Amino acid sequence: MELGVIGLGRMGRIVVDRVLEAGHEVVVFDIDEESVADAADAGARPASSIGDLAEKLGPEKRIWLMVPAGDPVDAALDELAPVLDGDDIVVDGGNSYFEDSVRRAESTDAAYLDCGTSGGPAGAELGFSLMVGGPQWAYDELVPVFDAVATGPDGHDRMGPAGSGHYVKMVHNGVEYALMQTYGEGFELLANGRYDLDLESVANTWNNGAVIRSWLLELCEEAFREEGNDLGDVADRVEGGSTGTWTVQEALEQEVPVPLIYQSLAERFGSRADDGRFSRRLASRLRYGFGRHDVPRRE
Ligand SMILES: NC(=O)C1=CN([C@@H]2O[C@H](COP(=O)(O)OP(=O)(O)OC[C@H]3O[C@@H](n4cnc5c(N)ncnc54)[C@H](O)[C@@H]3O)[C@@H](O)[C@H]2O)C=CC1
Ligand SMILES: O=C(CO)[C@H](O)[C@H](O)COP(=O)(O)O
């Protein structure tokens, strides 16, 4: 299969490498010329514009968008619109708002797959977890690509119609916020409690057989190992927040109580007052662990 990939940042580049590794052809474009040149060095065919990428793909186009959510997705779709028809397939693998994905699916001539992607840049070696929404035929057609990008055949599935992939990913991120918050609170109590504890050792011990073992807890262990028991100069400030805000808004609309997810989001907003909370500094460091997001550092 031949896949066009638009957006070659932390995530898009992993999509390219994994699809190439599985033996498929990849045509790439990014507004950053250096990223295109790097991907070409790795074996992809470079394109000089979105139009050029579409031309290189030939009549049945399979295109994966991995650009930041919001305007860049609409901008890419606007440029693709003149060359897309009903035999083509566009995947949006970013963290788009699900209602935007429903709108885009309705207004795009191609079959549109909204694909929630979890695993972050740290998941490059293992592969991602992919939550896909959209037409069944388009999902079936792209199974070889999803097999390559995900951990394997079990690492992806079709959730339902348009929007459902990004809806499931939105809720996933709400859960992610709450898990990070609860690990942060537990370690904050241990750090300020009555014993002088080695937190890396605690995390390591918990990760070996404890009920609360998890990948996020492994990333806690990594954070203590790399930053020190007191998290060194990691600042008390957690960025991000859009997907968690959507989760809470949707929960309010559906009248489903999600107090832990809301509280985790509120803690992030509260962190921007810079009052030195340990739990938030750990959450910030964990975002680097799985997402390679920048860690704000103390002066
Ligand atoms: N980093 C993470 O942990 C995860 C990120 N995502 C989502 O994946 C998407 C991409 O994220 P990252 O790779 O982390 O972002 P990134 O900022 O590392 O990469 C985005 C790339 O898109 C390119 N770009 C921007 N506008 C463009 C346009 N109009 N045409 C072509 N290229 C354009 C940029 O030059 C950049 O190379 C986002 O929606 C993000 O929320 C999803 C899961 C995990
Ligand atoms: O989707 C992700 C992980 O699953 C991304 O890392 C996302 O950026 C996390 O959300 P936030 O930036 O709000 O912390």
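The name recorded for the chain in an unreviewed UniProt entry is 6-phosphogluconate dehydrogenase, NAD(+)-dependent, decarboxylating, from Haloarcula japonica. Turning to the chain, the UniProt record has this under Subunit (unreviewed entry): "Homotetramer." The Sequence similarities (unreviewed entry) field of the UniProt record for the chain holds the comment "Belongs to the 6-phosphogluconate dehydrogenase family."

*Asks:* Is there a simple way to explain the overall build of the chain in this structure?
*Replies:* Assigned secondary structure in the chain consists of 13 helices and eight strands. In terms of overall size, the chain behaves like a compact globule, its C-alpha atoms giving a radius of gyration of 20 Å where 299 residues would be expected to give roughly 19 Å. C-alpha extents for the chain along the principal axes are approximately 70 × 45 × 40 Å. Of all 299 residues assigned to the chain, the portion counted as buried reaches 51%. For the chain, restricting intrachain contacts to residue pairs at least 6 apart in sequence, the fraction spanning at least 24 positions comes to 66%. Roughly 13900 Å² of accessible area belongs to the chain as shown, and the carbon and sulfur atoms make up 49% of that amount. Put simply, the chain has 25 plus and 55 minus side-chain charges, and the middle of one group is 6 Å from the middle of the other.

*Asks:* Would you take a moment to explain the site of ligand 1 for this structure?
*Replies:* Around ligand 1 there are 21 residues in total, and Arg10, Met11, Asp30, Asn95 and Thr117 lie nearest to it. One of the backbone N or O atoms of Val67 is found 3.3 Å from an oxygen atom in ligand 1. Protein contacts shield 81% of the accessible area of ligand 1, which totals 840 Å² for the unbound molecule. Taken together, the residues of the shell around ligand 1 break down into 11 nonpolar, eight polar and two charged.

*Asks:* What should I look at first to understand a negative patch on the surface in this one?
*Replies:* Taken together, the side chains of Asp32, Glu33, Glu34, Asp38 and Asp41 make up a negatively charged region of the molecular surface. Structurally, Glu33 is set in helix 2 (residues 33–41).

*Asks:* When you look at the site of ligand 2 in this model, what are you seeing that I'm missing?
*Replies:* Around ligand 2, the structure places 13 residues, and the nearest of them are Lys169, Glu176, Tyr177, Gly241 and Arg268. Within the side chain of Tyr177, a nitrogen or oxygen atom sits 2.5 Å from an oxygen atom of ligand 2. Separating an oxygen atom of ligand 2 from a side-chain N or O atom of Arg268 is a distance of 2.8 Å. Coverage of ligand 2 by the protein amounts to 86% of the 360 Å² it exposes when considered alone.

*Asks:* What is the right way to look at the sheet that holds strand 3 (residues 45–46) in this model?
*Replies:* Within a sheet, neighbouring strands are paired by backbone hydrogen bonds and run either parallel or antiparallel to one another. The sheet built from eight strands is open, its strands ordered 3-2-1-4-5-6-7-8 with mixed pairing. Only two strands of the sheet have a single partner each, and these edge strands are strand 3 and strand 8 (156–160). Bridge analysis of strand 5 (residues 89–92) against strand 6 (residues 111–118) gives four bridges, and the strand direction is parallel. Counted as the bridge partner of Val90 is Tyr112 from strand 6. Running over the sheet, helix 8 (residues 164–192) touches strand 5, strand 6, strand 7 (129–133) and strand 8 and is turned about 15° from strand 6.

*Asks:* Honestly, the nonpolar core in this entry has me stumped. Any pointers?
*Replies:* Most often, soluble globular proteins keep nonpolar side chains buried together rather than apart. Counting 32 residues, the largest nonpolar core has Val5, Val28, Trp64, Leu130 and Phe146 as the members making the most contacts within it. Per-element tally for this core: the top contributor is helix 1 (residues 12–21), with five residues. Ignoring anything within four residues of it in the chain, the contact list for Val28 reads Val5, Leu8, Val16, Val36, Ala39, Ala44, Arg45, Pro46, Ala47 and Leu53.

*Asks:* What's the story with the UniProt feature "binding site: substrate" (unreviewed entry) in the chain in this structure? I'm lost.
*Replies:* Taken from the UniProt record, the annotation "binding site: substrate" (unreviewed entry) applies to Asn95, Ser118, Gly119, Gly120, His172, Asn173, Tyr177 and Arg268. Within the secondary structure, Asn95 is located in the loop between strand 5 and helix 5 (98–107). Dropping the residues within four chain positions of it, Asn95 is found in contact with Ala69, Lys169, Asn173, Thr243 and Trp246. One polar contact links Asn95 to Lys169, side chain to side chain, over a distance of 3.0 Å. By the secondary structure assignment, His172 is in helix 8.

Rules of the game
- Residues numbered from 1 in each chain as written.
- Chains lettered and ligands numbered in written order.
- Predicted model: local features only at pLDDT ≥ 70, side-chain atom pairs only at ≥ 80, totals over all residues.
- Heavy atoms only, no water.
- UniProt positions renumbered as here; feature names shortened; annotations may be inferred.
- Helix = DSSP H or I, 4+ residues; strand = E, 2+ residues; numbered from the N terminus.
- Rg over C-alpha atoms; globule rule 2.2 N^0.38 Å.
- Buried < 20%, exposed > 50% of the residue type's maximum accessible area, 1.4 Å probe, protein only.
- Contact = heavy atoms within 4.5 Å.
- Areas by Shrake-Rupley, 256 points an atom, 1.4 Å probe, with all protein chains shown as cover.
- Lys, Arg positive; Asp, Glu negative; His and termini not counted.
- Charge placed at Lys NZ, Arg CZ, Asp CG, Glu CD.
- Near = heavy atom within 4 Å.
- Polar contact = N/O pair within 3.5 Å; in protein donor to acceptor, adjacent residues only side chain to side chain.
- Nonpolar A, V, L, I, M, F, W, Y, C, P; charged D, E, K, R; others polar.
- Patch = residues over 30% accessible without salt bridge, like charges linked within 9 Å, V, L, I, M, F, W, Y side chains within 5 Å.
- Salt bridge = Lys/Arg side-chain N within 4 Å of Asp/Glu carboxyl O.
- Pairing = 2+ DSSP bridges.
- Axes fitted to C-alpha atoms, helices over the stretch in contact; angles between N-to-C directions.
- Core = buried A, V, L, I, M, F, W, Y, C linked by side-chain atoms within 4.5 Å.

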